[in-house]
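Below are the chains, spelled out letter by letter.
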Amino acid sequence: SSRPSCGDYAISYVQLKRKGNICTVKCKIFPEHRVHAKLYAVTLKVDEDEEKVTSIQCHDCVAAQGVCKHAIVLLMWVHRRSEETSCTEVQCYWQKSKLSRVGTTLKFISAEDSSKGSPMLPSNYTVLETFLEEGKK
């Protein structure tokens with residue numbers, strides 16, 4: 001139940017509610033073997049100030065008296081989400097290129113400076129040779 005592939009595909013609906021320092025996460029989990037059967041409802045409560053799980057309960061499982069695998073699936077899913085980087089921590093892909101600074105902060109740019117390493121040549125040169133021959137024509 002703690003495998004990422006198990007939890008990520010088993011979680012169906014997720015709701016989050018914050019009230020004071022208590023965060024309540026409710027979800028529906030697909031049954032493992034009977035995909036068209038009723039979904040299991042699981043509730044997780046976390047004390048955000050203490051960073052501690054206060055309760056977790058599966059409402060539809062026979063094994064809900066102890067800790068069932070559906071509760072573990074939700075717990076591990078929430079844990080994996082908490083370790084993901086924030087969307088604001090991802091490197092920006094729309095930054096201006098070096099070439100766009102020519103004429104402002106750069107006087108000129110050489111071809112060597114504009115590339116970030118050596119070009120990758122294919123292991124099979126027949127396509128490259130054919131392209132060069134067509135270019136000469």
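About the thresholds
For every chain, the first residue of the written sequence is number 1, and numbering continues from 1 along that sequence. Confidence filtering applies because this is a predicted model: local features only for residues at pLDDT of at least 70, side-chain atom pairs given and counted only at 80 or more, and all residues used for totals across whole chains, interfaces and linings. Values shown for side chains rest on all heavy atoms present in the structure; no hydrogens or waters enter the calculation. To qualify as a nonpolar core, a set must consist of buried Ala, Val, Leu, Ile, Met, Phe, Trp, Tyr and Cys residues joined through side-chain atoms within 4.5 Å. Burial classification: accessible surface area is computed with a 1.4 Å probe over protein chains only, and a residue below 20% of its type maximum counts as buried, one above 50% as exposed, and the rest as partly exposed. Strands are runs of DSSP state E lasting at least two residues, helices are runs of H or I lasting at least four, and both sets are numbered from the N terminus onward. Throughout, a contact is declared for two residues whenever any of their heavy atoms are within 4.5 Å. By convention in this document, the label disulfide applies to cysteine sulfur atom pairs within 2.5 Å. Multiplying 1.5 Å by the helix residue count minus one yields the expected span of that helix.

Looking up the protein chain in an unreviewed UniProt entry gives the name SWIM-type domain-containing protein, with the organism given as Cryptolaemus montrouzieri.

In this structure, what is going on with the nonpolar core? I would like to understand it.
One recurring pattern in soluble globular proteins is that nonpolar side chains are buried together. Grouped together as the largest cluster of nonpolar side chains are 17 residues, with contacts concentrated most on Ile-11, Cys-27, Ile-29, Val-42, Cys-58 and Leu-74. At the level of elements, β2 (22-29), β3 (40-47) and α2 (69-83) are the ones that each hand at least two residues to this core. Not counting chain neighbours up to four residues away, the residues in contact with Cys-27 comprise Ile-11, Tyr-13, Val-14, Tyr-40, Ala-41, Val-42 and Leu-74.

Any chance you could explain the state of the cysteines here in plain terms?
Linking two cysteines covalently through their sulfur atoms gives a disulfide. Tallied over the entire structure, the rule returns zero disulfides. Considering cysteine sulfurs only, Cys-58 is the nearest to Cys-27, which forms no disulfide, with 8.6 Å between them. With no disulfide of its own, Cys-58 lies closest to Cys-68 among cysteine sulfurs, the gap being 3.7 Å. Taking the relative accessible area as the measure of exposure, Cys-58 reaches 3% and is therefore buried.

Explain α2 here, please?
Residues spaced three or four apart along an α-helix point in a common direction, a consequence of the helix completing one turn every 3.6 residues. Along its 15 residues, α2 runs 21 Å from first to last C-alpha, staying within 8% of the 21 Å computed at 1.5 Å per residue. Buried within α2 we find His-70, Ala-71, Val-73, Leu-74, Trp-77 and Arg-80.

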